[in-house]
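Chain by chain, the residues run as shown.
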Amino acid sequence: MRAVLQRVSRANVSVDGQVIGQTGPGLMILVCAMQGDDEAKADQLATKVSKLRIFKDDAGKMNRSVKDIEGSALVISQFTLAADTSRGNRPGFSEAAAPDVGKHLYEVFAQRLQALGVPVETGQFGADMAVELVNDGPVTIWMES
């Protein structure tokens, strides 16, 4: 699985002009299931995200996790993270998991992150979503499990 994490002071996602998910201080996470991914990969990624120390401590060092700051996460499906841009001018997405698998693993990731103690809200899989965020730092991390 692939993910892009952004440390945010706030973020929200809307579908048809209605906010369906939001977070205060914490993480906005774009997630993509790849060919061959399974629930173990989703669990591994959720565990790593829950422990990743990218929030400032009292000394201003990135030494605290989202759990340490009692933050939350907005998790959004983003199959375009599977883009292959190595040839031509149009990205290919053949490395992305099939939609049914991608949806399942996206949901598993969000559930596991929640079970690890991080409050989670989500976008809507497959929907045309509008995402607004204030990137804190800015801090943006790309991850793959």
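Refer to the structure presented above.
Remember, it's a predicted structure, so these values are computed and weren't measured experimentally. (Residues numbered from 1 in each chain as written. Predicted model: local features only at pLDDT ≥ 70, side-chain atom pairs only at ≥ 80, totals over all residues. Heavy atoms only, no water.)

(A) Representation of the overall build of the chain. Counting its regular elements, the chain contains two helices and eight strands. Its helices and strands taken in sequence order, the chain reads β-β-β-α-β-β-β-α-β-β from the N to the C terminus. For 145 residues, the compact-globule formula gives about 15 Å, and the C-alpha radius of gyration of the chain, at 15 Å, lands near that figure. Viewed in the frame of its principal axes, the chain has a C-alpha envelope of about 45 × 35 × 30 Å. Burial status across the chain gives 41% buried among its 145 residues. The long-range share in the chain, meaning contacts at least 24 apart out of those at least 6 apart in sequence, stands at 72%. For the chain, the accessible area works out to roughly 8100 Å², and carbon and sulfur atoms hold 46% of it. Averaging the locations of the 15 positively and 18 negatively charged side chains of the chain gives two centres separated by 7 Å. (Helix = DSSP H or I, 4+ residues; strand = E, 2+ residues; numbered from the N terminus. Rg over C-alpha atoms; globule rule 2.2 N^0.38 Å. Buried < 20%, exposed > 50% of the residue type's maximum accessible area, 1.4 Å probe, protein only. Contact = heavy atoms within 4.5 Å. Areas by Shrake-Rupley, 256 points an atom, 1.4 Å probe, with all protein chains shown as cover. Lys, Arg positive; Asp, Glu negative; His and termini not counted. Charge placed at Lys NZ, Arg CZ, Asp CG, Glu CD.)

(B) Region of the structure containing the packing of helix H1 (residues 39–51) against helix H2 (residues 99–115). Between H1 and H2, whose axes approach to 8 Å, the crossing angle comes to 40°. Crossing angle aside, the handedness with which H1 passes H2 is right-handed. Touching Glu39, Ala42, Asp43, Leu45, Ala46, Val49 and Ser50 of H1 are His104, Leu105, Val108, Phe109, Arg112 and Leu113, all from H2. Considering only residue class, the contact of H1 with H2 consists of eight nonpolar, two polar and three charged. (Axes fitted to C-alpha atoms, helices over the stretch in contact; angles between N-to-C directions. Left-handed = near helix turned anticlockwise from the far one by under 90°. Nonpolar A, V, L, I, M, F, W, Y, C, P; charged D, E, K, R; others polar.)

(C) Looking closely at the nonpolar core. Ranked by size, the top nonpolar core spans 28 residues in total, and within it Leu27, Ile29, Val49, Val75, Phe109 and Leu113 carry the most contacts. The set of elements that each furnish at least two residues to this core consists of strand S1 (2–15), strand S3 (26–32), H1, strand S6 (72–77), H2 and strand S8 (130–144). In terms of residues, this core owes the most to one element, H2, which gives six residues. What Phe109 contacts, discounting residues up to four positions off in sequence, is Met1, Ile29, Val31, Ala42, Leu45, Ala46, Val49 and Val75. Core analysis: the next-biggest nonpolar cluster, separate from the first, contains 15 residues, Val15, Met34, Leu81 and Ala96 among them. (Core = buried A, V, L, I, M, F, W, Y, C linked by side-chain atoms within 4.5 Å.)

(D) Just the side chain of Ser72, in detail. Summarising the element assignment, Ser72 is placed in strand S6. When its relative accessible area of 16% is taken as the criterion, Ser72 is described as buried. Those residues within four positions of Ser72 in sequence are excluded, and the remaining contacts are Thr23, Gly24, Pro25, Gly26, Leu27, Val66, Val118 and Pro119.

The quantities given are spatial measurements derived from coordinates; they are silent on function.
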